[in-house]
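Commentary on secondary and tertiary structure
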Amino acid sequence: MKNTSTTGSGNLIANLQKAEALRVHSIETFGTHDGPGIRLVIFVQGCQFHCLYCANPDTISIDGGTLMSLDQIVAKAKKQKPFFGKNGGVTISGGEPLLQRAMLKELFNKLHKEGIHTTLDTNGKVIDKQTKDLLETTDLVMLDIKHINNDWHHKITRLSNVNTLKFAEYRESTGKPMWLRYVLVPGYSDQEEYLHQLGDHFKNYKSIEKIEILPYHKLGVHKWEALGWKYELEHVESPEITSLKKVSDILQQYFRRVEVG
Amino acid sequence: MKSQTAETKDLIEKKLLNLPLIDVKAFVEKNVIPYYGDDSFLEGPTQRTTTLWQICLEAMLEERYKGGCLAIDTETISSITSHKPGYINKDLELIVGLQTDELLKRAMKPFGGIRVVEGAVAERGLEVAEEVKNVFKHTSDHNNGVFSAYDDEIKQYRSLGILTGLPDNYARGRIIGDYRRLALYGADELIRAKKNDLKAVNGVLNEHKIRLREEITSQIKALKDMIVLGNSYGLELNRPATSAKEAIQWLYMAYLAAVKEQDGAAMSLGNVSNFIDIYIEKDLEKGLITESEAQELVDQFVMKLRMVRHLRPGAYDEIFGGDPTWVTEAIGGQFNDGRTKVTKTSFRFLQTLYNLGASPEPNLTVLWSKDLPEGFKKFCGKVSIDTSSIQYENDDLMRKTRGSDDYGIACCVSYQELGKRIQFFGARTNLPKTLLMALNEGREEISGKKVLQDISVLEGEYLEYEAVMENFKKSMSQIAEVYSRAMNIIHYMHDRHYYEKAQMALIDSDPGIDMAYGAAGISIIADSLSAIKYAKVKPVRNEDGLTVDFIVEGDYPKFGNDNDKVDEIAAYITKFFSEELAKHACYKNARPTLSLLTITSNVMYGKKTGTTPDGRKEGEAFAPGANPMHGRDTDGAVAALSSVAKLDYRDALDGISNTFSIIPKSLGSSREDQIENLSRLLDGYFELGAHHLNVNVLDRDTLMDAYKNPENYPQLTIRVSGYAVNFTRLSKAHQLEVITRTFHESL
Ligand code: SF4
């Protein structure tokens, strides 16, 4: 609830971008779900959205986390290279990485110099020159589409999806690969008509290699409690296998590959 | 005395040069057919195998129902020729031979210690026959011998749990006979070679040579006994094997002779699969057998290995979780000439885990090299994910460091060149207890008894790193000295009272020896010293001045997060202790080595060790082997593995064990990804120079359910510090420990 309006956090973000460092929430050295192969996943701090189901609400505030210098991160990645094989690499996730996009561009450049594959897991909320620069050095984008309908998008994230769709459009124009991720929340993002609308919107995109359906879960609820925030989806349960199957069938009409994560 | 022994050895080696060459390694290198394909050629079990295995399963069920022991022959001292032939079902068996005349009936091998045998028999409500007891009125056993030579200090170390699990009242095991020799040469030729060896030990006889003459003579006797054993099953073991079936049968008979004579804690098989493959390929080529029949032979062989039993007391079962036999078979790896050692029979061995179901035995160990064929790597990943029954060891590292590419894994994780070197097993010392003595002026932290000398009082409110280190090093030095004394006594006595003549008959006369010392609790040491160095640690002492707790102020780097600050402490202590041990001369001029391994006794060590400065409370389990303490690694599996990889194998040549448990989903979302990621994880870990990894791919939920409803999981296998165990046979405390241990559950 605090510090989530984009205007209020402008200064802080500017500050963040001055240091040769990223504000990091946590890291996972054996990431196997955030891009191809084994990945070093850096979860950065801060997000503009405030998704009802956010599994890591402690990453939302831009105040938390610890500063990690770019060189530290590169050193870590280099050390981990033997594990990457042909496919693995580094993924920046969050929180929302785009809040630190200028710095990320530096980081990705450095990683590329070491021959390390880069992935950006983002909500696509910011699409400006700096984002476009960052996308140049991003080997793979994993774009989270929260909802195709703007009203529902508001309901879920408190903000609009216009930029996210623009972001997708831009990535498509660069011809570089992108995966979509879609959190399936019963009663919120499983409406058949919108799933068709989602498919229809992206059906001609050539850059999309696959869409991953991420079934909603409640594993992060205790973190909301710890923050003293009210969790509004207490009544919502994880989707049934049958409903997952149905959603997957619908999306298969539009996407080359549909996976359930 | 040292130089004299070395001299004698040279002399003997020179004379041996003129002898007919026993060289299995050359035979394998020349004839093996490496396989680069995938698992699609494999066959399921035959009807015969399935029916036979069903009989075994039922017998094992009954065994469990009877408290873990089906029957005991209380009348006979087991030897190579002690029992009449036994069968599971004669008509269905392709590979024959049991340790006694009945399936799962256990035999007494009392020369390790008659008292332990008497105890084990009494626990089952039986009694050892008078005749057998009488034997020990006139002769000594290993246990007796050791205790007649032990001094008070060793006894104190032992009773306070500073040195634990020493093989001073049971058989030391660990020696791997080169069982292939019997198949390749036949017993007659091996006897001839041994007789020549015996002749070569001549001239002025010193103690070493006299002992050697006695040993070789007993080996010849063992080879003759093997012929008798074979005859009782209608086999002509005196001549070489001529078919796949015979090769497996001969090899098994050699192993059977060993496990009839000895009940060593661990009796590995070696590296037999690619040897067997040569015979199978020949028979397949000649059209004598089909793939299904080839698999059937391997299945039936493995079935026999699963039926090996030793008579153990209940306490032993509790520590080790069931009664492991550690029939460790090394699979895969590379030749030093760059070819792969992977053959189709490497696959066939792993396939037994599907054909017969998962099982802790034989202890299947994949020798992992970055150069292994991709098809084999994939199959290993698949088998690991499906069965959790394999462990992995770094073949590139071991070949580079140790030299030979013809080696097996002794017990859990230890390299042993086949037919050329042996090991003297020595359990381990409790390092956290050592540290606590360093903090308590040399007194044991629980009893308060004075153990170590010249350990200064640590003044001041907070522990001071330099002062603690000085005391700790002093403590390790003193312990190394006592440890070495105990080991020399133990192995002298074992040779004297319970010599492994059957296994030694299949090894070069006068082989090289590694003295296998061990240490437990390295991650506790690393974290404790890191806390003292990087945070502030205030000891809380009771009225006797003994530490009972520690207050840690501030944070500090913990082992398992790829943080050099603490990882270097772990590496340094390992090196230091290893060097201290190396300062002491060993019996038979053995070369000292060290392992960081706990097997399953990490729970038991924990129970007997007071609160440590890292925040671990009195009684809490140690992490197994060299694992980070659970819950302290925060950055995921790669960071945890990277920390362990920093322990230098050269400082712990006996092995550095690490156990990795993960839920399938955390390995990747699709099965394909899971298999691929597991391969890359092993590639990465071993490229960092790590030595060993147990891989468990299991759901925490599955384990919880097995904890609650053991009857539903008779074959659930998990890997713990160097070997596999049947989960439901672990004690409840141990089951819980496994469940709470770090599961890598990234989401
Ligand atoms: S975009 Fe992601 S990090 Fe941000 S609130 Fe939504 S779920 Fe949480």
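Just above sits the structure.
Scope of this entry: the structure provided in the associated data block. A quick note: this is a predicted structure, and the numbers were derived from the prediction, not measured.

Thresholds, definitions, all that
- Residues numbered from 1 in each chain as written.
- Chains lettered and ligands numbered in written order.
- Predicted model: local features only at pLDDT ≥ 70, side-chain atom pairs only at ≥ 80, totals over all residues.
- Heavy atoms only, no water.
- Helix = DSSP H or I, 4+ residues; strand = E, 2+ residues; numbered from the N terminus.
- Rg over C-alpha atoms; globule rule 2.2 N^0.38 Å.
- Contact = heavy atoms within 4.5 Å.
- Areas by Shrake-Rupley, 256 points an atom, 1.4 Å probe, with all protein chains shown as cover.
- Lys, Arg positive; Asp, Glu negative; His and termini not counted.
- Charge placed at Lys NZ, Arg CZ, Asp CG, Glu CD.
- Salt bridge = Lys/Arg side-chain N within 4 Å of Asp/Glu carboxyl O.
- Polar contact = N/O pair within 3.5 Å; in protein donor to acceptor, adjacent residues only side chain to side chain.
- Buried < 20%, exposed > 50% of the residue type's maximum accessible area, 1.4 Å probe, protein only.

1. Overview of the overall build of chain B
- Summing up its helical and strand segments, chain B has 27 helices and 20 strands in all.
- A compact globule built from 747 residues would reach a C-alpha radius of gyration of about 27 Å, and chain B, at 25 Å, matches this within 12%.
- Once the C-alpha set of chain B is aligned to its principal axes, its extents read approximately 80 × 65 × 55 Å.
- The contacts in chain B between residues at least 6 apart in sequence include a share of 79% that link residues at least 24 apart.
- Element-wise, carbon and sulfur atoms account for 51% of the exposed surface of chain B, whose accessible area totals about 25,300 Å².
- Of the side chains in chain B, 91 bear a positive and 108 a negative charge, and the two mean positions are spaced by 3 Å.

2. With respect to the interface of chain B and chain A
- Contact residues are listed per partner, giving 29 residues for chain B and 17 residues for chain A.
- Our enumeration of links across chain B and chain A arrives at one salt bridge.
- The salt bridge partner of Asp 562 of chain B is Lys 79 of chain A, with a shortest N-O separation of 3.0 Å.
- Inspection of the chain B/chain A interface yields seven residue pairs in polar contact (both at pLDDT 80 or more).
- A total of eight residues in the side of chain B that touches chain A trace back to one element, the largest contributor, which is helix H25 (residues 671-687) of chain B.

3. Re the pattern of salt bridges
- Counted by the stated rule, this structure contains 74 salt bridges over all chains.
- A salt bridge links Glu 114 of chain A to Lys 78 of chain A, with the shortest nitrogen-to-oxygen separation between them at 4.0 Å. Of this pair, Glu 114 of chain A sits in the loop between helix H3 (101-113) and strand E5 (117-122) while Lys 78 of chain A sits in helix H2 (residues 70-84), and the two are 36 residues apart along the sequence.
- The exposure class of Glu 114 of chain A is partly exposed, given its relative accessible area of 27%.
- Across the salt bridge formed by Arg 632 of chain B and Asp 527 of chain B, the nearest N and O atoms sit 2.7 Å from each other. Here the residue Arg 632 of chain B occupies a position in the loop between helix H22 (602-607) and helix H23 (637-645), and Asp 527 of chain B occupies one in helix H20 (residues 522-534), the gap between them amounting to 105 residues.
- The network of salt bridges with common partners includes Asp 34, Asp 121, Arg 181, Lys 210, Glu 212, Arg 257 and Glu 259 of chain A.

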